[in-house]
Amino acid sequence: MRKTMKRGILILGACGQIGTELTQALRKRFGNERVVASDIRKGSGQLLNDGPFEIVDAMDYASIEDVVFRYNVDTVYLMAAMLSAVAEKFPEKAWNLNMNSLFNVLNLAKEGKITRVFWPSSIAVFGPSTPSIDTPQVTVMEPTTVYGISKQTGERWCEYYNKRFGVDVRSIRYPGLISHTTEPGGGTTDYAVEIYHRALKHGNYRCFLNGGTTLPMMFMTDAIRATIGIMDADPDNITIRSSYNLAGISFDPEEITASIQKHIPDFEISYEPDFRQEIADTWPQSIDDSTAQKDWGWKNKFSLDDITQVMLKNLKPRYEE
Ligand code: AKB
């Protein structure tokens, strides 16, 4: 009997906040050799040592195509992007990166060189005119940030490539993500990671958002499970080809402070909102993800107190003398 070689999986932007943990999870599941990590520059030792790593610029079609051929890749996770806060500083750069990388991957799929694409969207696709509590899957979307505009546009292109060319592209609108393994990369929700580091290192934190700014958030373990879950789903069950709403938990800086104070009673927070407050004010407070639940069985697991416990336990050794 002829043995068919298992095809490769490529992660573009593997050294980023989601990419790092996604690469580890996919390697654990499919074997180190099948999962090719790539980024515009070399990342951590583990990503390089555990399996194949390639320098790839996600804006360069030819360099992605080359890796796709060399590793017989059939699935691409496009995790390279410029997030909300940095994108406001470099609007054109953000637009070029976020859109060109998506076109490259969608076109590879359209040309039959790969068969499946995962592309991350975000709660940033929503704007001030969107209902902010239990934001529905289909609703008004008038994003006011560069990042949000690029994600909203990307969603439309994903849907278009699926309907017009049959591209199997799947996507999630990630909320703010919290992880002790990887640092966030220039987003508006980054405070929810910084706060744990500061609590352990200094016992206080000056927050760049106001105390009552409620935003949708999620622990990285749940986000990775969601990413793998949507890619595992039967294509017939994926009824949304733009991007799925994904709910985790919702909290504001005061609530995360209270959660940390259960472990570090003296921890103090102060507020000095900057330009990121304006971005946060346009985003939803909570998300209705019933379509993801129905279509591919999504359910969040980690509560705020669960996250706090895991974050403090895992970060503590770093700050102990
Ligand atoms: C950001 O804050 O820009 C990101 C996001 C919500 O997509 N974490």
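Basis of the calculations
- Residues numbered from 1 in each chain as written.
- Predicted model: local features only at pLDDT ≥ 70, side-chain atom pairs only at ≥ 80, totals over all residues.
- Heavy atoms only, no water.
- Core = buried A, V, L, I, M, F, W, Y, C linked by side-chain atoms within 4.5 Å.
- Buried < 20%, exposed > 50% of the residue type's maximum accessible area, 1.4 Å probe, protein only.
- Helix = DSSP H or I, 4+ residues; strand = E, 2+ residues; numbered from the N terminus.
- Contact = heavy atoms within 4.5 Å.
- Near = heavy atom within 4 Å.
- Polar contact = N/O pair within 3.5 Å; in protein donor to acceptor, adjacent residues only side chain to side chain.
- Areas by Shrake-Rupley, 256 points an atom, 1.4 Å probe, with all protein chains shown as cover.
- Nonpolar A, V, L, I, M, F, W, Y, C, P; charged D, E, K, R; others polar.
- Domains from an automatic or database assignment.
- Pairing = 2+ DSSP bridges.
- Right-handed = clockwise from strand over helix to strand, strands pointing away.
- Phe/Tyr/Trp six-rings, centres within 6.5 Å; stacked < 30°, edge-to-face > 60°.
- Axes fitted to C-alpha atoms, helices over the stretch in contact; angles between N-to-C directions.
- Buried area = accessible area lost by both parts, 1.4 Å probe.

### Quick look at the nonpolar core
Link 1 in the chain: In this structure, Ile 178, Tyr 191, Tyr 196, Met 217, Phe 251, Ile 256 and Met 311 are the most contacted members of the largest nonpolar core, which totals 40 residues.
Link 2 in the chain: In terms of residue count, the dominant contributor to this core is helix α7 (residues 191-201) (6 residues).
Link 3 in the chain: Non-local contacts of Met 217, meaning those with residues more than four positions away in its chain, are made with Pro 175, Gly 176, Ile 178, Thr 189, Tyr 191, Ala 192, Gly 248, Ile 249 and Phe 251.
Link 4 in the chain: Within the second largest apolar cluster, 32 residues are counted, among which are Tyr 77, Ile 230, Ala 233 and Ile 238.

### Side note on the site of the ligand
Link 1 in the chain: All residues adjacent to the ligand are Leu 83, Ser 84, Ser 122, Ile 123, Tyr 147, Gly 187, Thr 188, Thr 189 and Trp 283.
Link 2 in the chain: In the environment of the ligand, an oxygen atom lies 2.7 Å from a nitrogen or oxygen atom belonging to the side chain of Ser 122.
Link 3 in the chain: One of the backbone nitrogen or oxygen atoms of Thr 188 is found 2.7 Å away from an oxygen atom of the ligand.
Link 4 in the chain: A total of 260 Å² of accessible area belongs to the ligand in isolation, and the protein chains cover 94% of it.
Link 5 in the chain: Its residues assigned to classes, the shell around the ligand comprises 4 nonpolar, 5 polar and no charged.
Link 6 in the chain: Structurally, the shell around the ligand is a two-domain feature, drawing no fewer than three residues from each of domain 1 (8-175 + 219-245) and domain 2 (177-217 + 248-286 + 301-319).

### Overview of the pairing of strand β4 (residues 73-78)
Link 1 in the chain: For β4, the buried fraction is high: 6 of the 6 residues fall into the buried class.
Link 2 in the chain: Alignment of strand β1 (residues 8-12) against β4, held across 5 bridges, turns out to be parallel. Across the sheet, Leu 10 pairs through a bridge with Val 76, a residue of β4.
Link 3 in the chain: Bridge count between β4 and strand β5 (residues 116-122): 3 bridges; the pairing is parallel. Paired with Thr 75 across the bridge in β5 is Arg 116.

### Examining the pairing of β1
Link 1 in the chain: Among the 5 residues that make up β1, 5 are buried, leaving the element largely enclosed by the rest of the structure.
Link 2 in the chain: In β1, alternate side chains face the same way, and those of Gly 8, Leu 10 and Leu 12 on one face and Ile 9 and Ile 11 on the other are all buried.
Link 3 in the chain: Looking at chain direction, β1 and strand β2 (residues 35-39) are connected through 4 bridges and run parallel. Pairing of Ile 11 across the sheet is with Ala 37, part of β2.
Link 4 in the chain: A crossover links β1 with its parallel partner β2, the connecting element being helix α1 (residues 17-30), and its sense is right-handed.

### Some thoughts on the packing of aromatic side chains
Link 1 in the chain: In this structure the tally under the stated criterion is 12 aromatic pairs.
Link 2 in the chain: Centre to centre, the rings of Tyr 77 and Phe 118 are 5.8 Å apart; their planes meet at 35°, and the pair counts as tilted. Highlighted residues: Tyr 77 in strand β4 and Phe 118 in strand β5, separated in sequence by 41 residues.
Link 3 in the chain: In this structure Tyr 77 comes out as buried when scored by relative accessible area, which is 3%.
Link 4 in the chain: Exposure remark for Phe 118: the relative accessible area of 0% places this residue in the buried category.

### A few points about the sheet that holds strand β3 (residues 53-55)
Link 1 in the chain: The strand order β3-β2-β1-β4-β5-β6-β10 describes an open sheet built from 7 strands, whose pairing is parallel. In this open sheet, the two strands that pair with only one neighbour each are β3 and β10 (244-245).
Link 2 in the chain: In the packing of α1 onto the sheet, the strands contacted are β1, β2, β4 and β6 (168-174), and the crossing angle to β2 comes to about 165°.
Link 3 in the chain: Across the sheet, helix α8 (residues 220-232) is in contact with β4, β5, β6 and β10; its angle to β6 comes to roughly 155°.

### Focus on the domain arrangement of the protein
Link 1 in the chain: Each domain of the protein was delimited in the assignment, giving domain 1 (8-175 + 219-245) and domain 2 (177-217 + 248-286 + 301-319).
Link 2 in the chain: Contact residues are listed per partner, giving 30 residues for domain 1 and 27 residues for domain 2.
Link 3 in the chain: Roughly 2500 Å² is buried in total at the junction of domain 1 and domain 2, and carbon and sulfur atoms are behind 64% of that figure.
Link 4 in the chain: Interface area lost by domain 1 to domain 2 is led by Gln 17, Pro 175 and Phe 219, which between them contribute 31%.
Link 5 in the chain: At the junction of domain 1 and domain 2, the tally comes to 15 residue pairs in polar contact (both at pLDDT 80 or more).
Link 6 in the chain: Each residue belonging to the side of domain 1 that touches domain 2 can be placed in one class, and the counts come to 14 nonpolar, 10 polar and 6 charged.

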